Each structure stands twice: as C-alpha cells, then as structure tokens.
Protein chains: 4
Amino acid sequence: MESIKSVHIEKNTAILLIHCPDQQGILAAVTEFLNRNKGNIIYLDQHVDREEKLFYMRVEWELDVFAIPREKIAEYFETLVASRFHITFWLHFSDKPPRMAVFVSKLSHCLFDILARYTAGEWDVEIPLIISNHEKLAPVAQQFGIDFEHVPITKENKAEQEQKELQLLKDYKIDFVVLARYMQVLSDDFVKHYPNKIINIHHSFLPAFAGAKPYHAAHARGVKIIGATSHYVTPELDAGPIIAQDVARISHIDTVSSLMRKGRDLEKIILSEAVYKHLERKILVYNNRTVVFN
Amino acid sequence: MESIKSVHIEKNTAILLIHCPDQQGILAAVTEFLNRNKGNIIYLDQHVDREEKLFYMRVEWELDVFAIPREKIAEYFETLVASRFHITFWLHFSDKPPRMAVFVSKLSHCLFDILARYTAGEWDVEIPLIISNHEKLAPVAQQFGIDFEHVPITKENKAEQEQKELQLLKDYKIDFVVLARYMQVLSDDFVKHYPNKIINIHHSFLPAFAGAKPYHAAHARGVKIIGATSHYVTPELDAGPIIAQDVARISHIDTVSSLMRKGRDLEKIILSEAVYKHLERKILVYNNRTVVFN
Amino acid sequence: MESIKSVHIEKNTAILLIHCPDQQGILAAVTEFLNRNKGNIIYLDQHVDREEKLFYMRVEWELDVFAIPREKIAEYFETLVASRFHITFWLHFSDKPPRMAVFVSKLSHCLFDILARYTAGEWDVEIPLIISNHEKLAPVAQQFGIDFEHVPITKENKAEQEQKELQLLKDYKIDFVVLARYMQVLSDDFVKHYPNKIINIHHSFLPAFAGAKPYHAAHARGVKIIGATSHYVTPELDAGPIIAQDVARISHIDTVSSLMRKGRDLEKIILSEAVYKHLERKILVYNNRTVVFN
Amino acid sequence: MESIKSVHIEKNTAILLIHCPDQQGILAAVTEFLNRNKGNIIYLDQHVDREEKLFYMRVEWELDVFAIPREKIAEYFETLVASRFHITFWLHFSDKPPRMAVFVSKLSHCLFDILARYTAGEWDVEIPLIISNHEKLAPVAQQFGIDFEHVPITKENKAEQEQKELQLLKDYKIDFVVLARYMQVLSDDFVKHYPNKIINIHHSFLPAFAGAKPYHAAHARGVKIIGATSHYVTPELDAGPIIAQDVARISHIDTVSSLMRKGRDLEKIILSEAVYKHLERKILVYNNRTVVFN
C-alpha cells in the first residue's frame, strides 16, 4: 500500500532514564557529564520524591558531536557517574524504533486507533504482529498489512498457547506488548517475560471496578463519572502501575450500553496516550507507581 | 450584621417529584391535570429507565391562578392521577425554604463555602444550626451569626450524644443535615431518622478509596486523577446514593499534602452542588441511585 | 472485505423533532396523539426556552403496532397536532440510514476515526463517498473500500469544482457532508445546498481563534487550555451553530507541535460525537444555536 | 476573633526565579553554586523554550546551614553566576509573607473564597486591606476583621480616586493586588505601578468573550463549554499574561443566569489558584505569557 506517512525528520539523540536515592549533586554531575562531552541537551526533566528520598530524571541530548561513541556511552556513564550515586539507568537511542505487538479479542476501537496513528506516522514504532484469541479482527490486520496470528485460548490449553505466543514475540523480535481490549488474563509466567513492557487498558477508573464487567458495576453503583485506565501489567490483576487515566461525566440517563459507547472513546485515547509515553521513553516505574515526564 | 443578600424575587410555585412503574399515558395525565387547572408549567423534566421500567418526573408550576388551593393539591393529585398509575410523589412549595444543619469537625473549607453562599443569598434555605464534635470552628459560626453546638463524641458516649444531636435537630426544626467533612460515622439509628436527608462529602472518587484516609490511599496506589463524591448517607459507610462527583488531574509530582490541597476545592464545590440540587428538589432516589434533574 | 460488524438489531421506530412557540398543552397533545394510536414511546425529551418562549421536543416511538401507516404519519400529525400549535417538525424513520460523504485534505486522524466506527458498525449510516482536494488519503479510502474522488481546488477553478462536487453528492444520493479537517472554505452557494447538513470540525475552542492556524494563535496567546469545536457550516466562517466542544489542559511546556498532537485527539472525538448526534436525530437548530438532546 | 489557623510550620528557605537566553551549563552552574555553599535544594524545576531559546528555572533551598548570609545572596549570585549567563532573577525568602489587597465591587463569591483560605491559614500571606467602589461588601470585611476602604469611582473622579487608592496601597505596604470581580477598568498609570502584581479574574475562557457581559455573549453564541481566566493585568483590557483557566460543560438547557451560577464556582477557584501560584513564587512572566511551575 502507498504510504500516507508524513516525511519523518530523523532525530539522532540519546535518552537516559535514571532513578537513584536522592543526594546532593546528582543533577550537576549528570549535566556536567553531558556538557563536558558536547552533548547538547534538548530535553531535561527531573523529579525528587521528598518523602521516599528518590531522584528521577530523563535527559535527551544530540549525538551529532557528542564526544563519546554511542556504544561506549553506557560504560562511561556507569563508571563516571552512575556508580558514584548508586544510579539505576536505561539508555535508549532515538533512531532505533521499538517493535510492538498488539493483542486483541473482538473489539476493534483500540486496534483501529493504534493502527491509524501508526499508518499516519504519528509514532516512532514498528508494528509487525497482531495476536488474537478470536478470528474476528483478522480483516483489520489484513487491511493494514500486518501479520495476524490466531491463538485461541481455553482453560485447558492456556499454558501451551502462551508458549506459542511467547515464541511468536521472540520470532518477531517484539520489544513490548499492547493489550488492546484483550479479554484474557495473562499468566504470571507470561507477565514475567515482559516486566513493565505490557500495557493494558482497563475500562474503569481504577482502583474502582477492577475485574470483569466494570460498566455494569458502574451503572449498578450509580456513579456520575466513568473512567478508563492504562497501566503496565503485573501478576496481580488490574493492579499494575498506572500510566494514564481519563474520565467522562455521565448521568441517570445513561444505560450500560451508553456507558460502553462513551467508554470506548476514553479507552482508545488513554491507551494510545500510554503507548506514546512508553515510546517516548517518558515513563519510569518504581514501587508500583509511575513517573510520567511531560 | 447588615445583609449583603441580593434582593430576592419570591417565587410562588409548586414542585412535584414523581416515580412509578412506566406506563403509557402518565406524562399526558400529569400535564393535563396541571393544564386543566391553570397551572402554568415553568419546568418539566422526565426520565424513563427502560431497563427497570420506571418513570421519573419533576414538574414545577406557578400557583398564582392555579385552580386547586395549595392545601388540597396533594389530595386531588392522589385521587385523580397518582392512584391510577401507582405513583409515589413528593410535593414541595417554593416559598417555604427548608431548614438545614451543618455538622463539622476541624476542617473549615466546606463550611466556609456553604456559609458564603448562604450569606450571599445564593440558596433558598435557612441555616440556624452548626453542630461539631470539636470546638475549633465555633469562631466561624459566631462570625456568621449562627448557633454552634459542641457535641463531643467518644466511643463510650456516642449513643447518648447522638440522642442529644437528634433533640437539637428537632428543637431547631431541621429538615436536612449536611456533613461538611464531619469526621464521625453516624449510627444506623441516627441515619434512619433522616432517610435521603443527610448529605455527606467523601474525599475520594467513590467507590474507590472508601473509608479512612483516601488521599493517602490514592497516593499509594499512584492514581493519575483524584476525586470527591457527595452522596446521601445510608447505614452502610460511603455506600449511599451518589449525588455528584468531580475529579482533578494529578501527577507523580503530587504529594499527599498537595492531594489534600487540590482535593479541598473538589470537596467544597461538589458538596455545595449536592446541597443546591437537594434544595431545588431536583433529586429522586430509587434503588440506591439518584436521578438528578438538570 | 469480510465484515467485522456486530450483528445489528433492526429498530423499527419513528422519530419526531419539533419546535414551536411555547404554549400550554403541546406536550400533552403530542403524547396523546401517539398513545391514542398505539405508538409505544421509547424516548422522549423536551426543552422549553423560557426566555425566547420556544418549545423543543424529540420523541421516538415503535411503529410495530402504530395505527397510522408510516407514509401517512406526517400528514396526520400536521393536521391533528402541528397546525394547531404552529409546530415545525421533522419526521425520520430509524430503518433508513442516511448517506454521508466525507471531505478531507491531507490529515488522516478524523477520517480514520470515522471509518473505524463505520467499519465496526457503531453508526447507522452509509458512507459511499470520500472527496478530497489532495490525493494523499486515496490509499485510506481504498483500504476501507470507499470511493474516492480527487477534486483539486484553486482560486480560479473553485466555482466549477464545487459544481462537480455538488453533482457527485447528487449522484451518490448524499444526505449530509462531514468536513474532516477539509482545508477549503466552502462557498455560500455550496453551503446553501445543505443547510444544517454540513458538519465541520474547527481546531479551536470557538469563538476563540476562528480562522487559520488556531494552534499557533493559542500558543502565542499563552492559553492554558485548548479546544476543538464541531458545528454546522453556515456562510459565515466558523460561526455556525455549535454542536459539541471539548478541551484539554496545556502548559508552558507545550509547543505548537505538541498542541497539534493533543488537539488531534480532541478533534476526532468531538467531530465523531457531532456525527453521532446528527445520525441519532438528536440535534435541533434554531437561531444559530443547537438543542442537542441526550 | 479567636484563630482557626492550623499551626504553621515556619519554612526557612530562599526561592530563586530565573530567566535568561538558553546556553549550555546554566543548570549545572546554578546547582553547583547552591551545593558548594551547602544549600539543600528542596525543589527544582526548569523549563527550556526551544523555539525562543529561553531558559526558565525555579529553585528553592534551605537556608539553615547555607554558607552565604541571606542579605548577601543576591550579590554573590549576581557576581558568580547571573552575570556570566545574562540571567534575570528574583530572590524571595519564605519567611516574609507578601501583603495583598483585594479590590471588590458587589459580588462576594471570590472575596469569601479568598478570606476563607486566609482565615484557615491555607496561604502564606497578609491581607490587611479591602478596597471597593461600593459599600455593599463592607460587612464581609468587618466580619473577617479586615480594613475596608470605600473608594467610589466615576468618570469624572477616576484619576483622583486612583491616586487615593495608590496612596492606600503604599500606606498599607501592599505588595500585590487581587481584583476579585472588581468591575472597574484600571488606568494604564495605575497598572504600571504594579507590573505583574495585579491579578484579575475574567469570567470567560479568554480570548473568547473579552470585555463586558461574557455570559450573555456565551449564551448568545451557543457555546457548549464556559470558562474563567485569571491573568496579570496589563494596560490592554483582558489581554495580560494568563495564569490559570478552567471550564465547565453547559448545554442548551442553561440560561444566562445558570451560566452565572456555574461560572461563579469556576471564577473563585481559578482566581484563588492564581493567587496561590503567585504566593508560592511559581510564576515567571515573559513575552506576555507565563511559565507556571508545578
């Protein structure tokens, strides 16, 4: 298919995500490290959690005239800065888009939203694979030219089928997984393969209405606002670190089906927002909570 | 104290709140009853719950040339309309403002918001009494010229003190009670004296974080939105019919104390919104949920 | 392409939209007309503008056992009710989905949102035609199996090309037009062919920032909230009756390009919301304003 | 009157607000200056406007063991850091609360909101003076024990009366002024005495509906969302740097008077939010726009 992507301006930058115990001088040490080596900072945001005495930082700089070769940056940073401050860090390069797989069941709205952004070139990502426990959305995958794997799950075959899925993710060199209204609970074992690398959308304002049928529960309780929550998946159901939430006002006029209709818009927008933040390397997870930089 | 109240235009209207099983012809029957007797309708809103097959309605009409004398309206409506359709109804007259008591503890923001609106004449209400389990806010009551009763509550004296409170409410001819961040749980017995006539503000987005210290719980869970909920009090804690909810976006930067600061604004606005809707007779309760007319 | 549409439950209902000078007895007359002829009302909403003394109503009822044949309903209603109350009304039948054309330029997000909902069967509509002044989005039309007509517009050929577009709309039996970020101003003549039948999305919170480059203007002004507005098109630019608006919070951190990114989500959601309300026949236009029923 | 203020924990900190052309090394230079002199940073936020190449920063640190005496900090910072980077800066000390005057006319809701927060000890501020062109709110001032000056303004006496007001502000050692629905336009001369030190609330979503009667204008235009805007006053009416904005959804049901009712809540909350940010020294103004730190 002909591309409708906008001409993409290649960025040649490195991104460093950091957390460590808060101490005097960390910020100065990191910025000096970059300045001294001619790394022009184009984004810096930091956050200190005064209660937990933790320091978080995201810094992005241009590599064009940076004095340290890219394959040596991690080593130099470890030796010269990180070891001194007990820093845990992740280093990413903007010219290597991550590879993402989408898991779906029967509902199409989140999948379409993801594929529309992908097709339009909104995101720096590759999406080579869609996995589903149903065949219903195969035509959508085909329409967008993406491989579709049908992996039906039953109580009996779950362990085995998850192995098949893990193998597919490996074969396709997938970096992270997006559950776009995938109606299966992943096993602990599966989740542990992708720590903070599986993004789910739950169709309620967590922690309210965790679990099944949240719109029915919201309607029965008579709430005046509904919500949707995107979060990283952890072994405990609907209890992982929250990335983004959004809400919509409702009233006594709403039925369960109108809640579903209004909820779909929340779900797709807030799932895509989480994917965007993940792709931009703007999320740090610590202690089952997220720091999401602007 | 000199009054800052705006000149108040006296409305001479009657308000009818109705619910009943949904059937053909109810709306026509009610509007005919009013039209035939020269009741000029100035507001009509109705709602049909198609799932539960219930009909809800609020109608307000001018009494000036209404053919039925006000003391006979209930009887005539019962005989001519209500009995036919198994209607449950409440009849109110706009020229008789209800009397409200405010219960407080140590936090002043909701109380100030209520008293500011009262002083400015925003609401059709009388507020003759403030009850508190602490003495701290006595100066605020005094400042606004309202009686303040200090009724300290301990585990041991609770039953007895609640009797004292009930007697005060009776003496002051109180129609309904507003718990403006009152930090005591009312006993079932107390609640049963004022069914759907005690309005509470809970400082979370219910049903999330019911019970004590919701801002601490919200911070610990790492939510990205906080909320506040006003509801009628029922014997089950924080589980009564929800009247209004509001939310505010937060981020990893927020501390428990900044959540409290942001939450105060939500709490006072959404409690006062509930009081306003209650005063306007725009709330119908059924099945632990509310219909809140516009 | 195989369909992913949910099984659609055919509704057999009629919808009546009404406005007229407010008088006693209209509501009773309309509901009696339906009740007497066995029209089971499944939705009724009415609004009285007390200042302008205007009455608005939307009523939907089942046709299954309705005593008046569908082709006679308009005539009977006119004779028996409308003429008496000087009612202007529109009668629609739910089993005849309207036909919609989408006009686009180069931006795909609104188009994808519309086509995703269409493909999923969210809307009761036919979309046989996409018209564009650019060729860029032809692949999207093809992907979804919809005819695409490239009608480039220049200052010189505008009148002639609009004639061509009008002919296309006629050939395709189009009932209403959606401008999904179509970057051409329609002529007065064109607009007059489709009164209250052309829906536009403007990428600002109207009336702020009407005209070109609203995100640049919003950034320059330093606003803290941006918005999007869907409205019916009238000859005066960005001044037609507003259907729906939504907003997003921004801060000093945002650039023009991040405003555009955040704005896209507002635009697509609020344009689709307007299309939904239009399809549901829930919009009444009067005096350049809309009544949008719930 | 007895105090209801919470016990206030005295902070002994300094706050530095900075802007300058963006260059490498600023952030490192500032943090080194503080670290080297034992200034424990408890808050740091910075922002780089990449388009305008401007650097903004707010840093707050503890003075307890800071090596430079407080009266020398400005001089040392100028010499050692600011001059090198062409920095413009403001230095504040947390133990010296600013003095604020409130200007009002007849509407009380913003004034009550401010005085409630003041009385409860929410803000680090002194409010010794209320000025009004009407006598109506004198009882409110008296109720809260604050001096009230009645300065009626007519076309003829405006220049003279503003001189009187300026003298009052001088006598009361006022640092900044809050216009709490003050219905007079200040002269250019007056405004120039308090650059970025007069905070106004405008009852619309600026730049929409600047000038008089914005709720009437919003109703006439048929918008679906209304707003309120707090901003610093500049000589051009309603065109100063925006500090905060908030919005509320409305519908065709709303009348001008219900817009006013809903708007009052927006106005008071968003004006108080601006005052809070101003008191926290979290606002930097540049180029008629604000940087508002979190």
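Model, not experiment: these values are computed from the prediction. (Residues numbered from 1 in each chain as written. Chains lettered and ligands numbered in written order. Predicted model: local features only at pLDDT ≥ 70, side-chain atom pairs only at ≥ 80, totals over all residues. Heavy atoms only, no water.)

Moving on to the overall build of chain A. For chain A, the helix and strand inventory stands at eight helices and 13 strands. Relative to the compact-globule value of 19 Å for 294 residues, chain A shows a C-alpha radius of gyration of 21 Å, a close match. C-alpha extents for chain A along the principal axes are approximately 60 × 45 × 40 Å. If you take every contact in chain A between residues at least 6 apart in sequence, the share linking residues at least 24 apart comes to 68%. Accessible surface, chain A as shown: approximately 12,100 Å² in total, 51% of it carbon and sulfur. Each charge class in chain A can be summarised by its mean position, and for the 35 positive and 38 negative side chains these summaries are 4 Å apart. (Helix = DSSP H or I, 4+ residues; strand = E, 2+ residues; numbered from the N terminus. Rg over C-alpha atoms; globule rule 2.2 N^0.38 Å. Contact = heavy atoms within 4.5 Å. Areas by Shrake-Rupley, 256 points an atom, 1.4 Å probe, with all protein chains shown as cover. Lys, Arg positive; Asp, Glu negative; His and termini not counted. Charge placed at Lys NZ, Arg CZ, Asp CG, Glu CD.)

Taken together, the contact pairs 34 residues of chain B with 34 residues of chain A. When residues of chain B are sorted by the area they lose upon contact with chain A, Arg 221, Lys 224 and His 252 of chain B head the list and together hold 24% of the total. Linking Asp 246 of chain A and Arg 249 of chain B is a salt bridge whose minimum nitrogen-to-oxygen distance equals 2.7 Å. Joining chain B to chain A, the criterion identifies 22 residue pairs in polar contact (both at pLDDT 80 or more). Going through the elements one at a time, helix H7 (214-221), strand S11 (242-249) and strand S13 (289-292) of chain B are the ones with two or more residues in the side of chain B that touches chain A. Top contributing element to the side of chain B that touches chain A by residue count: S11 of chain B, with seven residues. (Buried area = accessible area lost by both parts, 1.4 Å probe. Salt bridge = Lys/Arg side-chain N within 4 Å of Asp/Glu carboxyl O. Polar contact = N/O pair within 3.5 Å; in protein donor to acceptor, adjacent residues only side chain to side chain.)

Counting through the fold element by element, Ala 159 of chain C comes out in helix H5 (residues 158-171). Considering only alpha carbons, one finds Ala 159 of chain C and Tyr 172 of chain C, 13 residues apart in sequence, at a separation of 20 Å.

This part takes up the relation of the copies chain D and chain C. After a rotation of 180 degrees and a shift along the axis of 0.0 Å, chain D superposes on chain C with an RMSD of 0.0 Å. The transformation just described matches what one would write down for a two-fold rotation axis. When C-alpha distances to the rotation axis are compared across chain D, the minimum falls at Ala 208 of chain D, with a value of 2.3 Å. Here 100% of the contact residues of chain D are again contact residues in chain C; the copies associate through an equivalent surface. (Least-squares fit on C-alpha atoms with pLDDT ≥ 70 in both.)

So, about the pairing of strand S13 (residues 289-292) of chain D. All names here are of chain D. Of the two faces of S13, the one holding Arg 289 and Val 291 and the one holding Thr 290 and Val 292 are both buried throughout. Across four bridges, the pairing between strand S12 (residues 283-286) and S13 is antiparallel. Bridge pairing in S13 places Val 285 opposite Thr 290. Counting the residues that bridge the hairpin from S12 to S13 gives two residues, and of these Asn 287 lies at a positive phi of roughly 60 degrees. (Buried < 20%, exposed > 50% of the residue type's maximum accessible area, 1.4 Å probe, protein only. Pairing = 2+ DSSP bridges.)

Further remarks concern the sheet that holds strand S10 (residues 225-232) of chain C. Residue and element names in this part refer to chain C. Here seven strands make up an open sheet; going across it, the order is S7-S6-S5-S8-S9-S10-S11 and the pairing mixed. What marks the edges here is a single partner per strand, and that holds for strand S7 (147-150) and strand S11 (242-249). The average angle at which neighbouring strand axes cross in this sheet is 20 degrees, direction not considered. In this structure, strand S6 (residues 126-132) lies alongside S7, joined through four bridges in parallel fashion. By the bridge assignment for S7, Ile 131 is matched with Glu 149. Running at roughly 170 degrees to S6, H5 makes contact with strand S5 (99-104), S6, S7 and strand S8 (176-179) of the sheet. (Axes fitted to C-alpha atoms, helices over the stretch in contact; angles between N-to-C directions.)

For an interface, size is often stated in terms of accessible area lost upon the parts coming together. Residues and elements named next belong to chain A. If you check the domain split of chain A, you get domain 1 (13-93) and domain 2 (99-292). When each unit is reduced to the centre of its C-alpha atoms, the spacing between domain 1 and domain 2 is 31 Å. On the domain 2 side, the residues contacting the 14 residues of domain 1 number ten residues. Between domain 1 and domain 2, roughly 1,000 Å² of surface is buried when both sides are summed, and carbon and sulfur atoms account for 65% of that area. When the buried surface of domain 1 facing domain 2 is broken down by residue, Leu 17, Tyr 56 and Arg 58 rank first, second and third, together holding 40% of it. One salt bridge connects Asp 49 with Arg 289, and the closest N-O pair in it is separated by 3.6 Å. Our count for the domain 1 to domain 2 interface comes out at three residue pairs in polar contact (both at pLDDT 80 or more). (Domains from an automatic or database assignment.)

Our next topic: helix H1 (residues 26-36) of chain A. By the criterion of burial, H1 of chain A is predominantly enclosed, with nine of the eleven residues buried. The positive-phi residue at the C-terminal boundary of H1 of chain A is Lys 38 of chain A, with phi of around 65 degrees.

Glancing now at the relation of the copies chain B and chain A. Overlay of chain B on chain A (RMSD 0.0 Å): rotation 180 degrees, translation along the axis 0.0 Å. When you check the interface residues of chain B against chain A, 100% turn up at the interface there too, and the contact is symmetric in its surfaces.

Here the focus is the pattern of salt bridges. Opposite charge on two side chains permits pairing when their charged atoms draw close. Summed over the entire model, instances satisfying the criterion amount to 67 salt bridges over all chains. Note that Arg 50 of chain C and Asp 22 of chain C form a salt bridge whose closest N and O atoms lie 3.9 Å from each other. You can see Arg 50 of chain C sitting in the loop between strand S2 (41-49) and strand S3 (54-62) and its partner Asp 22 of chain C sitting in the loop between strand S1 (13-21) and helix H1 (26-36), a full 28 residues away along the chain. Residue class for Asp 22 of chain C comes out partly exposed when judged on its relative accessible area of 30%. Notably, a salt bridge pairs Glu 60 of chain C with Arg 58 of chain C, separated by 3.3 Å at the nearest N-O pair. Residue classification places Glu 60 of chain C among the buried positions, given a relative accessible area of 5%. Take Arg 58 of chain C: its relative accessible area is 1%, and that puts it in the buried class. A network of salt bridges, in which partner residues are shared, links Asp 113, Arg 117 and Glu 122 of chain A together with Arg 264, Asp 265 and Lys 268 of chain C.

Another aspect to go through is the UniProt feature "domain: ACT" (unreviewed entry) in chain A. Look at the UniProt record and you will see "domain: ACT" (unreviewed entry) annotated at residues 15-102 of chain A. The span residues 15-102 of chain A is 31% helix and 40% strand, and its two end C-alpha atoms sit 25 Å from each other. (UniProt positions renumbered as here; feature names shortened; annotations may be inferred.)

Residue and element names in this part refer to chain A. By the element assignment, Asn 133 lies in the loop between strand S6 (126-132) and helix H4 (138-143). Engagement of the side chain of Asn 133 in a polar contact is seen with the side chain of Ser 105, the distance being 2.9 Å. If near-sequence neighbours (up to four positions away) are discounted, Asn 133 is found in contact with Val 104, Ser 105, His 150, Val 151, Pro 152, Ile 153, Tyr 182 and Gln 184.

Take the pairing of strand S1 (residues 13-21) of chain D next. Residues and elements named next belong to chain D. The buried count for S1 comes to eight of nine residues, which makes it a mostly enclosed element. With nine bridges connecting them, S1 and strand S3 (residues 54-62) associate as antiparallel partners. Its bridge partner lying in S3, Ile 15 is registered against Glu 60. When S1 meets strand S4 (residues 88-93), the two strands line up antiparallel, connected through six bridges. Opposite Ile 15, over in S4, you have His 92 as the bridge partner.

This part covers the sheet that holds S11 of chain B. Residues and elements named next belong to chain B. Strand order in the open sheet formed by seven strands is S7-S6-S5-S8-S9-S10-S11, and the pairing between neighbours is mixed. In this open sheet, the two strands that pair with only one neighbour each are strand S7 (147-150) and S11. Strand-to-strand, the axes of this sheet are offset by a mean angle of 20 degrees, without reference to chain direction. Two strands pair when backbone bridges link them, and strand S10 (residues 225-232) and S11 are joined in this way by seven bridges, in the antiparallel orientation. What sits directly across from Ala 228, in S11, is Asp 246. The sheet contacts of helix H8 (residues 256-279) involve strand S5 (99-104), strand S8 (176-179), strand S9 (198-202), S10 and S11, and relative to S10 the element is tilted by about 30 degrees.

Another point: the packing of helix H8 (residues 256-279) of chain A against helix H8 (residues 256-279) of chain C. Running from N to C, H8 of chain A and H8 of chain C cross one another at 165 degrees; their axes reach a closest spacing of 12 Å. One element, H8 of chain A, and the other, H8 of chain C, form an angle in the roughly antiparallel class. Like other packed secondary-structure pairs, H8 of chain A and H8 of chain C cross with a definite hand, here right-handed. Between H8 of chain A, through Arg 261, Asp 265, Lys 268, Ile 269, Glu 273 and Tyr 276 of chain A, and H8 of chain C, the contact on the second element is made entirely by Arg 261, Asp 265, Lys 268, Ile 269, Glu 273 and Tyr 276 of chain C. Here the residues of the contact of H8 of chain A with H8 of chain C sort into four nonpolar, no polar and eight charged. (Parallel < 35°, antiparallel > 145°, perpendicular 65-115°, else oblique. Left-handed = near helix turned anticlockwise from the far one by under 90°. Nonpolar A, V, L, I, M, F, W, Y, C, P; charged D, E, K, R; others polar.)

What follows covers the side chain of Glu 165 of chain C. All names here are of chain C. Turning to its location among the elements, Glu 165 is positioned in helix H5. One buried charge, Glu 165, has no salt-bridge partner; the nearest side chain with opposite charge is Lys 158, at 8.3 Å. Residues in contact with Glu 165, not counting those within four places in the same chain, are Phe 103, Ile 131, Val 151, Ile 153, Tyr 182 and Phe 190.

Looking now at the UniProt feature "active site" (unreviewed entry) in chain A. Within the UniProt annotation, "active site" (unreviewed entry) is assigned to Asp 238 of chain A. For Asp 238 of chain A, the position within the fold is in the loop between strand S10 (225-232) and strand S11 (242-249). The exposure class assigned to Asp 238 of chain A is buried, which follows from its relative accessible area of 9%. Setting aside residues no more than four positions away along its own chain, Asp 238 of chain A makes contact with Asn 200, His 202, Leu 206, Ala 210, Gly 211 and His 231 of chain A together with Arg 221 of chain B.

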